[in-house]
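# Observations on chain architecture
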Amino acid sequence: MSWKPFMRRALELARDAAAAGDVPVGAVVVRDGEVVGEGRNTRERDADPTGHAEIVALRAAASTLGRWRLEECTLVVTLEPCTMCAGAVVASRVDRLVFGAWDDKAGAVGSLWDVVRDRRLNHRPEVVAEVLAEESSLLLRRFFGRGPVAPGIP
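Attention in this report is confined to the structure presented alongside it. In this text, all values refer to a predicted model and were calculated from it rather than measured experimentally.

### Let's talk about the side chain of aspartate 103
Here aspartate 103 lies in the loop between strand S4 (96-101) and strand S5 (126-128). Buried and unpaired, aspartate 103 has no salt bridge, with lysine 105 as the nearest side chain of opposite charge at 7.2 Å. In contact with aspartate 103, other than residues within four places in its own chain, are Leu79, Glu80 and Ser111.

Set out below in structure tokens:
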């Protein structure tokens, strides 16, 4: 399955976040090829420290499906999740995590930590990295007014 169309939708949501003054991160939850939840960063808008795109999308998917266990779902997000969001991915039992850009400052899926693949935890989703990574990185660099940076880390 190509995750690019879903990542493009997540990028649209990220642009919406930026337009509202939030860090441009967007996320969608996909089940059987259909979006069942979506979100964007809302920390500034809602004055909510948990208003990360992943959390918003997971909550929306759980509401749509009427259950907190999100087996058979994939979370597609423009930026490598932080520790809170990586923990939510594990807790929600998402089957697969797809992300765009690496986050060398707060990433918890391989950059600084690797929460989702920690063998001590009860669930470990498949991880697909760097889907439309350059587009995701560019959006973040523009938001923060920085010049070109390396698109990611191994």
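Once you've had a look at it, read on.
### Quick word on helix H3 (residues 53-65)
The end-to-end C-alpha separation of H3 is 18 Å, in line with the 18 Å expected for 13 residues at 1.5 Å each. Turning to H3, its buried residues are Ala53, Glu54, Ile55, Ala57, Leu58 and Ala61. Elements that come into contact with the buried residues of H3 comprise strand S1 (26-31), strand S2 (34-40), strand S3 (73-79) and helix H4 (83-92). In the stretch just after H3, glycine 66 is the one whose phi turns positive, near 70 degrees.

### Points about the packing of helix H1 (residues 4-19) against helix H5 (residues 133-144)
Look at H1 against H5: their axes get within 11 Å of each other, and the N-to-C directions meet at 5 degrees. Classed by the angle they form, the pair H1 and H5 counts as roughly parallel. Contacts from Met7, Leu11, Ala14, Arg15 and Ala18 in H1 reach Glu135, Ser136, Leu139 and Phe143 in H5. A class-by-class count of the residues in the contact of H1 with H5 yields six nonpolar, one polar and two charged.

### Notes on the pattern of salt bridges
In this structure the tally under the stated criterion is 10 salt bridges. Here aspartate 118 and arginine 120 are joined by a salt bridge, their closest N and O atoms 2.5 Å apart.

### Regarding the packing of aromatic side chains
Any two aromatic rings considered together are summarised by their centre-to-centre distance and by the angle between their planes. Summed over the entire model, instances satisfying the criterion amount to three aromatic pairs. Between tryptophan 3 and phenylalanine 6, the aromatic rings sit 6.0 Å apart at their centres with planes inclined by 50 degrees, giving tilted as the arrangement. Its relative accessible area of 11% is what places tryptophan 3 among the buried residues. The interplanar angle of 90 degrees and the centroid separation of 5.0 Å between the aromatic rings of phenylalanine 143 and phenylalanine 144 together place this pair among those described as edge-to-face. Accessibility expressed as a relative area gives 43% for phenylalanine 144, which makes it partly exposed.

Criteria and thresholds
- Each chain has its residues counted from 1, running along the sequence as written.
- With pLDDT at 70 or above as the cut-off, local features in this predicted model cover only qualifying residues; side-chain atom pairs require 80 or more to be listed or tallied, and sums for whole chains, interfaces and linings still use all residues.
- Only hydrogens and water are set aside; all other atoms, that is, all heavy atoms of the structure, feed into the side-chain values.
- Only DSSP runs of H or I covering at least 4 residues are called helices, and only runs of E covering at least 2 are called strands; the numbering of each starts at the N terminus.
- Burial status follows relative accessibility: with a 1.4 Å probe on protein chains alone, a residue under 20% of its type maximum counts as buried, one over 50% as exposed, and anything between as partly exposed.
- The charged-residue count follows a simple rule in which Lys and Arg add positive charge and Asp and Glu add negative charge, with His and chain termini not counted at all.
- When a carboxyl oxygen of Asp or Glu lies within 4 Å of a side-chain nitrogen of Lys or Arg, that pair is called a salt bridge.
- Contact between two residues is taken to exist if any of their heavy atoms lie within 4.5 Å; hydrogens are not considered.
- For a helix, the expected span equals 1.5 Å multiplied by the number of residues minus one.
- Only the contacting stretch of a helix is used when fitting its axis, a line to C-alpha atoms as for every element, and angles between N-to-C directions run 0 to 180 degrees.
- Just so you know how the angles are binned, under 35 degrees is roughly parallel, over 145 roughly antiparallel, 65 to 115 roughly perpendicular, and the rest oblique.
- Here the term charged refers only to Asp, Glu, Lys and Arg, the term nonpolar to Ala, Val, Leu, Ile, Met, Phe, Trp, Tyr, Cys and Pro, and the term polar to all other amino acids, Gly among them.
- Ring pairs shown here join Phe, Tyr and Trp side chains whose ring centres sit within 6.5 Å, with only the six-membered ring taken for Trp; geometry is labelled stacked below 30 degrees between planes, edge-to-face above 60, and tilted in between.

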